[in-house]
Amino acid sequence: MPLEEEDPVRRRGQRDNGEVSGTPCLGGTEESPLRGTPAPGDSGTEAMEPGQALGDGDGTTRGTPQRAGQREEALMAELSELVQKVVKSSSWWERHGVDISILACSFLLLPAGFLCLRSAQAIPFLVGVLTLGVVHHTLTVKGSHLASHNALTESKSWGKVWAIFFIELCSAFTAEQGTYNHVKIHHGYTNIIGLGDSSTWKVPFLNRYVYMFIAPLAVPIITPLVALDLLRNVEWKTALRTLCCMFLGLYCHYWLLLHVSGFQSPWSALLCMLLTRSLLAHPYIHVNIFQHIGLPMFAADRKPKRIHLMSLGVLNLPRNTLLDWSFGHSLISCHVEHHLFPSLSDNMCLKIKPVVSQYLKQKKLPYNEDTYTSRLQLFLQRYEELMVHAPPITELVGIQ
């Protein structure tokens, strides 16, 4: 999640005090409309009936756009009802317990990882690096993502505590700005040009191979630097708390490497920190661009309703044991489900996946899926088009 806050377009929409509202109801947009920006479900141009074309000049539609909009809302309401039945029939263990257990297991693996690094033999040392790398990304990616959506608990107060712990202490980022940019902007305005279009992930001056295979190694360095820059947009008390949490998290990692793992010099400890914190940085960057960029993009005043917006602009990757554990189902194989119902935990997104996929396919709506290898090849082949040039705006013609 951290690098998502680099985009200057998004930062214009940030609140000065960094406040974030509470958890929304199931199926909600999970954001408060920006001042002067249409809300996700209130666009001037509604989604079209099959075969319906845009009108001329003023962006209005021929026929009955109000009836088309009502149909889209009815589809979302029907899907929400089906998902709500699954949620209500699920136990606390399914709704929260599974994901909390994964995070707890990651914490329990920390001592083993630090102790393995004491070994002078290559295999135990590499096991320690791999263990700490996987644990780090589980806490910072999966933990921070769930905490930002308040999906770890049904208590808003505890949700705030977990957001500060995972985002600031573990990830060295700012909870308020990270949550606002991810939840309010990216989720509220998914694939809307200039808002939630994932343009923050683009670095046009880098060539394709540097961006895809070398630049991700700098993520652990860039993340706290971006966080420090974003602290200008929050109150001084929040900034002070964030600085303390960031320093504590980084220093604890450094201190443990020196005093538990037995590193002899500060530079070797810092190098190990960089190595473990960048272990899964490549798939982290790749996943964030694969699942949105290259899919339809819309203007703020010319976009479909929510169910079409999310089904058109979001893509699922296949299940992967390592990434499912470290990043969570909602970022890998259930990203469509996550964008439709962002307040659900990873395990619940996996549980509702058959319901959502069957419903979208039954209603002739898009349900985007592709393999990691296929997307990687696509981005290497079309890097200039997808990551350097501005994305074209999709016209709402004949959306099924």
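All residue numbers refer to positions counted from 1 along the written sequence of the respective chain. Where totals are concerned, whole chains, interfaces and linings use all residues; where local detail is concerned, this predicted model gives features only for residues with pLDDT of at least 70, and gives and counts side-chain atom pairs only at 80 or more. Only heavy atoms go into the side-chain values, all of them from the structure, while hydrogens and water stay out.

- Per an unreviewed UniProt entry, the protein chain goes by the name FADS6 desaturase and belongs to Brachypteracias leptosomus.

1. What about the overall build of the protein chain?
Phase 1: Numbered from the N terminus, helices here are DSSP runs of H or I no shorter than four residues, and strands are runs of E no shorter than two. When helices and strands are tallied, the protein chain shows 17 helices and 2 strands.
Phase 2: By the burial criterion, 53% of the 400 residues in the protein chain qualify as buried.
Phase 3: Contacts are assigned to residue pairs that have any heavy atoms within 4.5 Å of one another. Sequence-distant contacts, at least 24 apart, represent 74% of the contacts inside the protein chain between residues at least 6 apart.
Phase 4: Only carbon and sulfur atoms are counted for the fraction: they give 63% of the accessible area of the protein chain, which is about 17300 Å². Throughout, exposure labels follow a simple rule: accessible area from a 1.4 Å probe, protein chains only, divided by the maximum for the residue type, with under 20% read as buried, over 50% as exposed, and the rest as partly exposed. What sets the accessible areas is the Shrake-Rupley method with a 1.4 Å probe; for residues, cover comes only from the shown protein chains.

2. Focus: the pattern of salt bridges
Phase 1: When a carboxyl oxygen of Asp or Glu is within 4 Å of a side-chain nitrogen of Lys or Arg, the pair counts as a salt bridge. Scanning all chains against the criterion turns up 13 salt bridges.
Phase 2: Here lysine 305 makes a salt bridge to glutamate 73, at a shortest N to O gap of 3.0 Å. Of this pair, lysine 305 sits in the loop between helix 11 (281–290) and helix 12 (306–313) while glutamate 73 sits in helix 2 (residues 65–88); the two residues are 232 residues apart in sequence, bridging distant segments of the chain.
Phase 3: For lysine 305, a relative accessible area of 7% corresponds to the buried category.
Phase 4: Where glutamate 176 meets lysine 160, a salt bridge forms, and the shortest distance between an N and an O atom there is 2.4 Å. Here the residue glutamate 176 occupies a position in helix 6 (residues 175–187), and lysine 160 occupies one in helix 5 (residues 156–170), the gap between them amounting to 16 residues.
Phase 5: In this structure glutamate 176 comes out as buried when scored by relative accessible area, which is 7%.

3. Quick look at the nonpolar core
Phase 1: In this description, a nonpolar core means a group of buried Ala, Val, Leu, Ile, Met, Phe, Trp, Tyr and Cys residues linked to one another through side-chain atoms lying within 4.5 Å. Counting residues in each nonpolar core, the largest one holds 26 residues, and the members touching the most others are Tyr211, Met212, Ile289, Phe327, Phe379 and Met387.
Phase 2: Ranked by the residues each element gives to this core, the list is headed by helix 11, at 6 residues.
Phase 3: Among residues more than four places away in sequence, those in contact with tyrosine 211 are Trp201, Val203, Leu206, Pro216, Ile285, Ile289, Tyr383 and Met387.
Phase 4: Core analysis: the second largest hydrophobic core is formed by 22 residues, Leu75, Ile307, Met310 and Leu344 among them.

4. Notes on the packing of helix 4 (residues 122–148) against helix 10 (residues 266–277)
Phase 1: For helices, the axis comes from a line fit to the C-alpha atoms of the stretch in contact; other axes are also lines fit to C-alpha atoms, and the angle between any two N-to-C directions lies between 0 and 180 degrees. Contact pair helix 4 / helix 10: the axes reach a minimum separation of 8 Å and the direction vectors enclose 60°. Taken together, the axes of helix 4 and helix 10 are oblique relative to one another. Of the residues in helix 10, those touching helix 4 at Val129, Leu132, Gly133, His136 and His137 are Leu275, Thr276 and Arg277.
Phase 2: For the contact of helix 4 with helix 10, the class distribution of residues is 3 nonpolar, 4 polar and 1 charged. Here the angle decides the label: under 35 degrees means roughly parallel, over 145 means roughly antiparallel, 65 to 115 means roughly perpendicular, and every other value means oblique. Polar here means any residue outside two lists: the nonpolar Ala, Val, Leu, Ile, Met, Phe, Trp, Tyr, Cys and Pro, and the charged Asp, Glu, Lys and Arg; Gly therefore counts as polar.

5. Regarding helix 16 (residues 372–381)
Phase 1: Every buried residue belonging to helix 16 is among Arg375, Leu376, Leu378 and Phe379, and all of these are buried. Buried residues of helix 16, viewed axially, fall in a sector of 160°; they line one side. In this description, the arc belongs to the directions extending from the helix axis to the C-beta atoms.

6. Some remarks on a nonpolar patch on the surface
Phase 1: Taken together, the side chains of Tyr209, Phe213, Ile214 and Leu217 define a hydrophobic patch exposed on the protein surface, amounting to about 410 Å² of accessible area.
Phase 2: Checked against the element boundaries, phenylalanine 213 lands in helix 7 (residues 208–214).
Phase 3: Its relative accessible area of 36% is what places phenylalanine 213 among the partly exposed residues. Two joining distances apply to patches: 9 Å for like charges and 5 Å for nonpolar side chains (Val, Leu, Ile, Met, Phe, Trp, Tyr), and every residue must have over 30% relative accessible area and no salt bridge.

7. Considerations on the packing of aromatic side chains
Phase 1: Ring pairs are drawn from Phe, Tyr and Trp, using the six-membered ring of Trp, whenever the two centres fall within 6.5 Å, and their geometry is named by plane angle: stacked under 30 degrees, edge-to-face over 60, tilted for the rest. Taken as a whole, this structure holds 13 aromatic pairs when the rule is applied.
Phase 2: Considering the side-chain rings of phenylalanine 107 and phenylalanine 165, the 5.7 Å spacing of their centres and the 45° angle between planes classify their relative orientation as tilted. Residue phenylalanine 107 is found in helix 3 (residues 92–116), and its partner phenylalanine 165 is found in helix 5; the two are separated by 58 residues along the sequence.
Phase 3: Look at phenylalanine 107 and you get partly exposed, because its relative accessible area is 31%.
Phase 4: The partly exposed category is assigned to phenylalanine 165, whose relative accessible area is 23%.
Phase 5: Judged by centre distance (6.1 Å) and plane angle (80°), the rings of tryptophan 162 and phenylalanine 165 are edge-to-face. Residue tryptophan 162 and its partner phenylalanine 165 are both found in helix 5; the two are separated by 3 residues, about one turn of the helix.
Phase 6: Each member of the aromatic cluster is reached from another via a ring pair, and the members are Phe107, Trp158, Trp162, Phe165 and Phe166.

8. Overview of helix 4
Phase 1: The terminal C-alpha atoms of helix 4 lie 38 Å apart, and with 27 residues this matches the ideal 39 Å at 1.5 Å per residue to within 8%.
Phase 2: With 19 of 27 residues buried, helix 4 is to be regarded as a mostly interior element.
Phase 3: Two residues or fewer after helix 4 comes asparagine 150, characterised by a positive phi angle close to 55°. To estimate how far a helix should extend, the number of its residues minus one is multiplied by 1.5 Å.

9. Some remarks on the UniProt feature "transmembrane region" (unreviewed entry) in the protein chain
Phase 1: UniProt positions are given in the numbering used here, feature names are shortened, and annotations may be inferred rather than shown by experiment. UniProt tags residues 209–231 and 243–263 as "transmembrane region" (unreviewed entry).
Phase 2: Strand forms 0% of residues 209–231 and helix 78%; the C-alpha atoms that close the span are 32 Å apart.

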